[in-house]
Amino acid sequence: YDFSTRVRDVLEALWQPDRATEAWHEVRRRHHFRQTMPEIDLGPISDRLAASALMALQVSEVIGRRREQQLLTRAAETVVAGQQRLVALLGEAGVGKSRLGQWLVEQVHERGQMHTLRISYGRSGGALSGILGALEQTFGFAGAPLPMIERALITRWGRGEEARRLARSLARELRPQEKGDFAAPSDAGGGRSALEKRVELALAVLERVRGDQPLLLWLDDVQRAEEEGLALVESLLAAESPVLILITGRPVERRSRLAQLLEGHGCTPMTLAPLGREAL
């Protein structure tokens, strides 16, 4: 299950008398269970489903940003309806840009509306910075050797030739110094630059991450983004797949590539000022 809300929907049906048997058979089919539905009294189970103190804990609310939250919500709804959106939140350090980004991630994921990928650009770079770092975190590959990454991706994506080639290519990008168990994929570069090849690989991987759902791609601290990050944004916007691209970072110079990208796609950045006295 990609989203907890889908697990909830399946489990909820198990203690509804008119749906329990059908729901149990669906769970059996999905997970290849051989057991028949046990004869149990479902009443006590449903009685215990009231939220405990731990389950009642919630992430603190965003304060003083109602307008921005409404704009982000509308952008997400547009993408869920099948369109594309590019949104930029700019402001000085500490005004809450990343907090709003995280709030949007939580909203769309809790509702099962979008897959999400956050690309962060650290001050000093490092293993978890940029596109490859984001994919490594998403797939949980931290510390895994190249052969394990290859096998895990093939298991996830299937054993078709295209899926295997993509898995090998991504594994080699994540672990360029290691040697894998599989033969290296043929390189039909056709004169493309290294940047173009990496962006093409990232696009193919994002299509696998997205599946049949829209994608929320969040570029955080974009003022430190490498060239391939902005090239990926350009390529995504040129494609037809539904994607919400959220950009957060410091204010940018008018002549910068990011400013030109935003202007070229008709995106007027939302500039966040520090919270007022009442909100504080």
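Scroll up a little and you will see the structure.
Not measured: the values here are computed from a predicted model.

## Description of the overall build of the protein chain
Within the protein chain one finds eleven helices and five strands. The buried share among the 280 residues of the protein chain stands at 39%. Within the protein chain, counting contacts between residues at least 6 apart in sequence, those at least 24 apart form 71% of the total. As presented, the protein chain carries roughly 16,800 Å² of accessible surface, and 49% of it is formed by carbon and sulfur atoms.

## Brief notes about the sheet that holds strand β4 (residues 243-249)
The five strands lie next to each other as β2-β3-β4-β1-β5, forming an open sheet whose pairing is parallel. Looking along the sheet, the strands with just one partner apiece sit at the ends: β2 (115-120) and β5 (270-271). Taken together, the six bridges between strand β3 (residues 215-220) and β4 define a ladder with parallel strand orientation. Bridge pairing links D220 to T248 in β4. Against the sheet, helix α9 (residues 194-210) touches β2 and β3, its axis set at about 130 degrees to β3.

## Some remarks on the nonpolar core
Judged by nonpolar contacts, the single largest core of 46 residues is most densely connected at I119, F139, W157, V205, L217, L232 and I245. Once residues lying within four places of it in the same chain are set aside, the contact partners of L232 are I119, I131, V199, A202, L203, L206 and L217. In this structure, L72, L104, V105 and W218 belong to the second largest nonpolar core, which totals 20 residues.

## Here we look at the packing of helix α10 (residues 227-238) against helix α11 (residues 257-264)
Two packed helices can be described by the angle between their axes and the distance between those axes. Viewed as axis vectors pointing N to C, α10 and α11 meet at an angle of 5 degrees, and their least axial separation amounts to 11 Å. Relative to α11, α10 is oriented roughly parallel. Across the interface between the two elements, E227, L230, A231, V233 and E234 of α10 pack against R257, L258 and L261 of α11. A breakdown of the residues in the contact of α10 with α11 according to their chemical character gives five nonpolar, no polar and three charged.

## Quick word on the packing of aromatic side chains
Applying the stated rule across the entire model yields two aromatic pairs. Consider the rings of F139 and W157, whose centres lie 6.0 Å apart with planes at 75 degrees: the pair is edge-to-face. Taken as a pair, F139 in helix α6 (residues 130-139) and W157 in helix α7 (residues 146-157) lie far apart in primary sequence, 18 residues in all. Judged by relative accessible area, W157 falls into the buried class, the value being 11%. An aromatic cluster is present here, built from F139, F141 and W157 joined pairwise through their rings.

## Points about the packing of α6 against α9
Put simply, α6 and α9 touch, their axes get as near as 12 Å, and they point 25 degrees apart. As judged from the angle between their axes, α6 and α9 are roughly parallel. Once α6 is placed against α9, the crossing between them reads as left-handed. Between α6, through I131, L132, L135 and F139, and α9, the contact on the second element is made entirely by R198, A202, V205 and V209. Residues belonging to the contact of α6 with α9 are distributed by class as follows: seven nonpolar, no polar and one charged.

## A short note on the pairing of strand β1 (residues 85-90)
For β1, the buried fraction is high: five of the six residues fall into the buried class. Pairing between β1 and β4: six bridges, direction parallel. Bridge pairing links L90 to G249 in β4. Pairing of β1 with β5 involves two bridges; the strand directions are parallel. Its bridge partner being in β5, L89 is matched across the sheet by M270.

## Observations concerning the pairing of β4
With respect to burial, β4 is a largely interior element, seven of its seven residues being buried. Burial along β4 is two-sided: the residues V243, I245, I247 and G249 and L244, L246 and T248 are all buried. At this point the chain moves from β3, through α10, to the parallel β4, and the crossover so formed is right-handed.

## Some details on unusual backbone geometry
Look at D221: it is not a glycine, yet its phi comes out positive at around 55 degrees. Tracing the backbone shows D221 in the loop between β3 and α10. Judged by relative accessible area, D221 falls into the partly exposed class, the value being 25%.

Criteria and thresholds
Residues numbered from 1 in each chain as written. Predicted model: local features only at pLDDT ≥ 70, side-chain atom pairs only at ≥ 80, totals over all residues. Heavy atoms only, no water. Helix = DSSP H or I, 4+ residues; strand = E, 2+ residues; numbered from the N terminus. Buried < 20%, exposed > 50% of the residue type's maximum accessible area, 1.4 Å probe, protein only. Contact = heavy atoms within 4.5 Å. Areas by Shrake-Rupley, 256 points an atom, 1.4 Å probe, with all protein chains shown as cover. Pairing = 2+ DSSP bridges. Axes fitted to C-alpha atoms, helices over the stretch in contact; angles between N-to-C directions. Core = buried A, V, L, I, M, F, W, Y, C linked by side-chain atoms within 4.5 Å. Parallel < 35°, antiparallel > 145°, perpendicular 65-115°, else oblique. Nonpolar A, V, L, I, M, F, W, Y, C, P; charged D, E, K, R; others polar. Phe/Tyr/Trp six-rings, centres within 6.5 Å; stacked < 30°, edge-to-face > 60°. Left-handed = near helix turned anticlockwise from the far one by under 90°. Right-handed = clockwise from strand over helix to strand, strands pointing away.

Honestly, it's all geometry; don't read function into it.
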